[in-house]
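Spelled out from the first residue to the last, the chains are:
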Amino acid sequence: MDGRALLAREGFDFAEDVTLRDEETLALLEPAVREWWVEQFGEYVPENGGFFTPPQREAIPLVHEGENALVASPTGSGKTLASFTAILNELFRREREDGLDNSVYCLYVSPLKSLANDIHRNLERPLSGIRERMDERGEEVSEVRHAIRHGDTEDSERQRMLKETPHVLNTTPETLAILLNSPKFREKLRTVEYVVVDEIHSLADGKRGTHLSVSLERLEDVAETSPTRIGCSATVEPLTDIAEFLVGRESPGGPSREYEIVDTRFVREFDLELQCPTDDLVHTPRDVVQDRFYEGLDELIGEHTNTLVFTNTRSGAERVLQNLRDRFETYDEDNSGCHHGSLSKEARQEVEERLKAGTLDVVTTSTSLELGIDMPHVDLVVQVGSPKSVASLLQRVGRAGHRLGQTVTGRVVALDRDELVECAVMLKKAEEGFVDRVFVPENAQDVAAQHVYGMAINEVRREADVRATLRRAYPYRNYSDEEWESLMRYLTADYEGLEEKNVYAKVWRDENDPPDGEHHYEEFPVGEPLVGKRGRLARVIYMTNIGTIPDSFSCDVFTRADDEWVGDLDENYLDTLEKGDVFVLGGQHFEFRYRRGSKVYVDRTSARPTVPSWFSERLPLSYDLGRAILDFQGELLARLTDRGKPAVRVWLREFPLDENSVRAITRTFDEQVRYAGAESVSTAERIAVEVELDRDEYERHYYVHSNYGRKFNDGLSRVVAYRCANAANTNVSVAVADNGFTVSMPLNRKVDVARILRDVSPDEVRSDLRASLDGTELLQRYFRINATRSLMILKRYKGYEKSASEQQVSSEMLLGFAQDLEEFAVIEETYREIIEDKLAVSAVEDVLADVQSGDVDVVQKRVDSPTPRAFGLATLMASDVVLAEDESAVLQEFHQRVLNEIEGEGDALVESD
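These numbers come from a predicted model, not from an experiment.

Reading the values: the criteria
Residue numbers restart at each chain and count upward from 1, following the sequence in its written direction. Local features in this predicted model are restricted to residues whose pLDDT is 70 or higher, and side-chain atom pairs enter the listing and the counts only when it is 80 or higher, whereas totals over whole chains, interfaces and linings include all residues. Excluded from the side-chain calculations are hydrogens and water; all other atoms, namely the structure's heavy atoms, are used. Any residue under 20% of the maximum accessible area for its type is buried, any over 50% is exposed, and the rest in between are partly exposed; the area is computed with a 1.4 Å probe on protein chains only. Elements are defined by DSSP. Helices are runs of H or I of four residues or more, strands are runs of E of two residues or more, and each kind is numbered from the N terminus. Whether two strands pair comes down to DSSP finding at least two bridges between them. The set of buried Ala, Val, Leu, Ile, Met, Phe, Trp, Tyr and Cys residues whose side-chain atoms join them within 4.5 Å is what this entry labels a nonpolar core. Contacts: residue pairs with any heavy atoms within 4.5 Å of one another. For Phe, Tyr and Trp, rings pair up if their centres lie within 6.5 Å, where Trp contributes its six-membered ring, and each pair is then called stacked (planes under 30 degrees apart), edge-to-face (over 60) or tilted (otherwise). Whether a charge sits over a ring comes down to the Lys NZ or Arg CZ being within 6 Å of the ring centre and within 35 degrees of the ring normal. Axis lines are fitted through C-alpha atoms, for helices just across the contact stretch, and the angle between N-to-C directions can take any value from 0 to 180 degrees. Working definition: roughly parallel below 35 degrees, roughly antiparallel above 145 degrees, roughly perpendicular at 65 to 115 degrees, and oblique for all remaining angles. Residue polarity is assigned by list, with Asp, Glu, Lys and Arg as charged and Ala, Val, Leu, Ile, Met, Phe, Trp, Tyr, Cys and Pro as nonpolar; anything else, Gly included, falls into the polar class. To count as a disulfide, a pair of cysteine sulfur atoms needs to be within 2.5 Å. For salt bridges, the criterion is a side-chain nitrogen of Lys or Arg within 4 Å of an Asp or Glu carboxyl oxygen. Here a patch means residues that are over 30% exposed by relative accessible area and free of salt bridges, tied together within 9 Å if like-charged and within 5 Å if nonpolar (Val, Leu, Ile, Met, Phe, Trp, Tyr). In these tables, accessible area is a Shrake-Rupley quantity obtained with a 1.4 Å probe, and a residue counts as shielded only by the protein chains included in the view. Per residue, pLDDT measures the predictor's confidence, with a range of 0 to 100.

A. Summary view of the pairing of strand S19 (residues 582–585). Burial along S19 is two-sided: the face carrying Val582 and Val584 and the face carrying Phe583 and Leu585 are both buried. Note: S19 against strand S20 (residues 588–596), 4 bridges, orientation antiparallel. Looking at S20, one finds that phenylalanine 583 is bridged to phenylalanine 590.

B. Representation of the nonpolar core in the model. Judged by nonpolar contacts, the single largest core of 89 residues is most densely connected at Tyr476, Tyr490, Val753, Phe783, Met792 and Phe824. A total of 8 residues in this core trace back to one element, the largest contributor, which is helix H18 (residues 445–458). Excluding its chain neighbours within four sequence positions, the residues that come into contact with phenylalanine 783 are Met792, Ser811, Leu814, Leu815, Ala818, Val826, Ile827 and Thr830. One finds Val351, Val421, Ala424 and Leu625 within the second-largest nonpolar core, a separate group that totals 48 residues.

C. View of the packing of aromatic side chains. All told, the structure shown has 20 aromatic pairs when counted by the stated rule. Ring geometry for phenylalanine 632 against phenylalanine 655: centres 5.7 Å apart, planes inclined by 70 degrees, an arrangement best described as edge-to-face. With phenylalanine 632 in helix H23 (residues 623–652) and phenylalanine 655 in the loop between H23 and helix H24 (659–676), this residue pair connects regions lying 23 residues apart in the sequence. We classify phenylalanine 632 as buried; its relative accessible area is 5%. Ring geometry for tryptophan 651 and phenylalanine 655: centres 5.1 Å apart, planes at 80 degrees, overall edge-to-face. No difference in accessibility class separates tryptophan 651 from phenylalanine 655, as the two residues are buried. The ring of phenylalanine 185 carries arginine 149 above its face, with NZ or CZ at 5.4 Å from the centroid. Here the guanidinium or amino end of arginine 489 rests over the ring plane of tyrosine 495, the centre of that ring lying 4.0 Å away.

D. The arrangement of the sheet that holds strand S1 (residues 69–72) in detail. Taking strand neighbours across the sheet as the criterion, the 7 strands line up as S3-S4-S2-S5-S6-S1-S7 in an open arrangement whose pairing is parallel. Lying at the two open borders of the sheet, with one neighbouring strand each, are strand S3 (146–149) and strand S7 (260–263). Direction aside, the axes of adjacent strands within the sheet are offset by 15 degrees on average. The sheet contact formed by S3 and strand S4 (residues 168–171) spans 4 bridges and is parallel. When the bridges of S4 are listed, arginine 149 appears paired with threonine 171. Against the sheet, helix H11 (residues 207–222) touches strand S2 (106–109), strand S5 (194–197) and strand S6 (228–233), its axis set at about 175 degrees to S5. Strand contacts of helix H12 (residues 239–247): S1, S5, S6 and S7, with the helix running at about 135 degrees to S1, the strand carrying the most contacts.

E. The sheet that holds strand S9 (residues 306–310), seen in detail. Pairing in this open sheet of 6 strands is parallel, and the strands run S8-S13-S12-S9-S11-S10 from one edge to the other. The sheet is open, and its two edges are formed by strand S8 (270–275) and strand S10 (336–339), each paired on a single side. Strand-to-strand twist in this sheet, taken as the mean axis angle between neighbours without regard to direction, amounts to 20 degrees. With 4 bridges joining them, S9 and strand S11 (residues 362–365) adopt parallel strand pairing. Bridging across to S11, valine 309 finds its partner in threonine 364. Across the face of the sheet, helix H13 (residues 286–302) comes into contact with S8, S9, S11, strand S12 (378–384) and strand S13 (408–413) while running at roughly 165 degrees to S12.

F. Seen up close, the pairing of S20. Examined bridge by bridge, S20 and strand S21 (residues 599–604) share 6 bridges and lie antiparallel to one another. When the sheet's bridge partners are listed, arginine 596 is paired in S21 with lysine 599. Here S20 hands over to S21 after 2 residues, with glycine 597 in that stretch at a positive phi of 60 degrees.

G. Expanded view of the environment of valine 104. As for its position among the elements, valine 104 is in the loop between helix H5 (79–97) and S2. Each C-alpha atom of the pair valine 104 and histidine 146 lies 9.0 Å from the other, and the pair is 42 residues apart in sequence. Those residues in contact with valine 104 that sit more than four places away from it in its chain are Thr165, Pro166, His167, Leu169, Phe185, Lys188, Leu189, Thr191 and Val192.

H. How the structure looks around the packing of helix H16 (residues 390–397) against helix H17 (residues 417–432). At their nearest, the axes of H16 and H17 sit 9 Å apart, and the two run at 70 degrees to each other. Here H16 is positioned roughly perpendicular relative to H17, judged by the angle of their axes. Seen from H16, the contacting residues are Val390, Leu393 and Leu394; seen from H17, they are Met426, Leu427, Lys429 and Ala430. Its residues assigned to classes, the contact of H16 with H17 shows 6 nonpolar, no polar and 1 charged.

I. Just the state of the cysteines, in detail. One pass over the structure, following the stated rule, counts 0 disulfides. Counting only cysteine sulfurs, cysteine 106 is the nearest neighbor of cysteine 232, a cysteine outside any disulfide, at a range of 10 Å. Cysteine 276 takes part in no disulfide bond, and the closest cysteine sulfur to it belongs to cysteine 423, at a distance of 9.9 Å.

J. Region of the structure containing the pattern of salt bridges. Per the counting criterion, the structure on display carries 70 salt bridges. One salt bridge in this structure joins glutamate 143 and arginine 145, with 3.8 Å as the shortest N-O distance. The exposure class assigned to arginine 145 is buried, which follows from its relative accessible area of 17%. Notably, a salt bridge pairs aspartate 837 with arginine 832, separated by 2.9 Å at the nearest N-O pair. Within the structure, one salt-bridge network assembled from shared partners comprises Lys207, Asp446, Arg766, Arg789, Glu829, Arg832, Glu833, Glu836, Asp837 and Glu845.

K. Just a nonpolar patch on the surface, in detail. On the surface, Leu537, Val540 and Tyr797 cluster together to form a nonpolar patch covering roughly 250 Å² of accessible area. Relative to the helices and strands, leucine 537 is located in the loop between strand S16 (529–533) and helix H21 (538–545).

L. Molecular detail of the confidence of the model for the chain. Per-residue pLDDT for the chain averages 88, and the proportion of residues at 70 or more is 91%. The low-confidence segment residues 878–884 (pLDDT under 50) makes 15 contacts with residues lying over four places distant or belonging to another chain. This stretch, residues 905–913, has a pLDDT under 50; its non-local contacts, to residues over four places away or in other chains, come to 14 contacts.

Pasting the structure below:
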């Protein structure tokens, strides 16, 4: 019987001219499930062309057939429900026919506890609805149980799950790893047939995702059949890499498991626009810009039901909300709220519930509402400042119109000249379907240490099998013999003096002895290399210390002269500080000298700041978007050179920009070219360097316009600074931004930065970066994080919990010792993580290879004052750490110098625009 006949028999009537695209999909569902679906989602949805959204139409049959699938689709398109519908359909069918065992059949893994809670609530609706339909049909009502298990689950609830086990278990990556080492619950996982990984894009680019990928391979070893893996993702790229990350390898070194990709990333309509409060962000007074911004925001909120406002920092989210309440009587605690990670769980949950109910007119947030929870009433998202990647932009604006068929309405407000350019490119690229790539960390030794230890704790295993499980996971597909041996030397404490530092062996490795030997196991042949656990407390140590999310802490700041406490700094901020850097704390300027554990020692200074206060909080510009901006600048220059400003404005009006943005961008590049020439602008084929002699500060500044994102610039700037310091035999200071970096040195020192950029061989970058990291706060902090992840330092032991600051003290005692050990896994992973994941070394190598091949030219130009495209770099040291009025004054002074230099055309410039 075909789908239409089946539906007709069950009482669903359709006009003959209606094409039912979903007949076959509906026919796959059990009668009660089908009735519930049609009743719940309407008999026919014209916007979808049927009963199902595009991701549901494609995904349900795949899950039904047990095929691995990555479902990539925008927020609100029903991808997660598609996975669960097919799975619940199968579980209800099996319960009706044969009954279900008291064990887990489906694992749902999400990155956030709140997201797991949300899905848990959303499962109640289909489960109860399907049971009601079954009852109405006179069928025996089946019971398909579900529950949630994560770090906050009470012990009594965990024990109850052993007696009455959920068939669908919602959990987090960390808890899944614990369950795989729980002797009793591990048995409950043998029946798992489905694994749903939600928001997989948010996991893949970090070590939580690496940890999860190995857990899924360990689950393969436990489960009776290979579970079907379903990954749900918002807009992400490259899809094949994320799909292979999801499914892993059939065998080490072999091809990935088979999978299908459901690519419906661009099935929603977008209404996006970049707005700017003025067409002149230099001369318009700050208070005027702020007034216009808040007036415009208030107007947008008034025109919509629920508005979500994203900022790039937590303090920014609080500031926007407070300003709205102070400026307008409309807003109070009853109709507005704030949501970010520093707030209490109770405060966040209250805002989430009110967002779901639609009782809040506006909510401000930083990143905490990017993922997950259903917000059906949000119909506008406002992004203040650049979200730094197309993927992040789409994730955030996708919270609006949280249903297919509704238009996604997003407004991005730029308050900075540099952000105007990147936002213009970002919105245009979003409309064109461009997505930034996700980069997966590879061969992380700290995560490998946790899992090898966990596998050894569960049972004595063949070393080859342990290694094979690890190498089947996508991040370890290229894991080498040398890396394995380095890991095992660490885990067996095969280094002289290591145990004297209270770092003990975690596993033993041995060839299976003859029957009378110490390590003999009858199930393995004599001579078979085996791995087992060391220590009676191994399981307790493992269960209380695993995970990849690092602890962090605030450091107390003291002056060296009189040991006066002057405040505290977030540890993340210390990543940005080198000896001699100047920062602002409590309105005063301090020079960073050194840190000891959780104490920072500084000297008072009158020097201007070199590191802005917001640096550690802001997202970095993506490398791919940076390259797109360079392409944009090249095309804009060509139009400006050929046909002047009017042609540029006509072209920019094809972008989703308001008129202020169009005119401001045009003016910036026109002034840039007239002041310093077209070669002062970086493009895909050119890196521009400008040199300024600052006689007031007695410094020589090099502004490198390497518009490849902050990670890239952080990496390249360290190489350049390292070589500059060696060449000039002087201290060099560096300030890093998304669109380039500044290298500064005393005026009586001089280097050729352009030549350095041309001469650095890609093969030398890693060694230069490694040398430049020695003695830095960055190295000390990441060594502590990796030593803790590797269980070299235990956070919890025999009831005592070691704070992050205590962990730091322990790691500083171990760092020098570890650096002297040959190929020591923990220190090697520290360098790998910093150089590869944090400093984007592969991208740096690629660009420098293009420089050496001649595909990218390096042009250096002497300037009397920074060019307009360098204003952001030149004022970086003052941004947000001195009074805003001071920064405005500096910008206006720079700008006036530019206008004066352009042959006295300043007045004409303004008028002609």
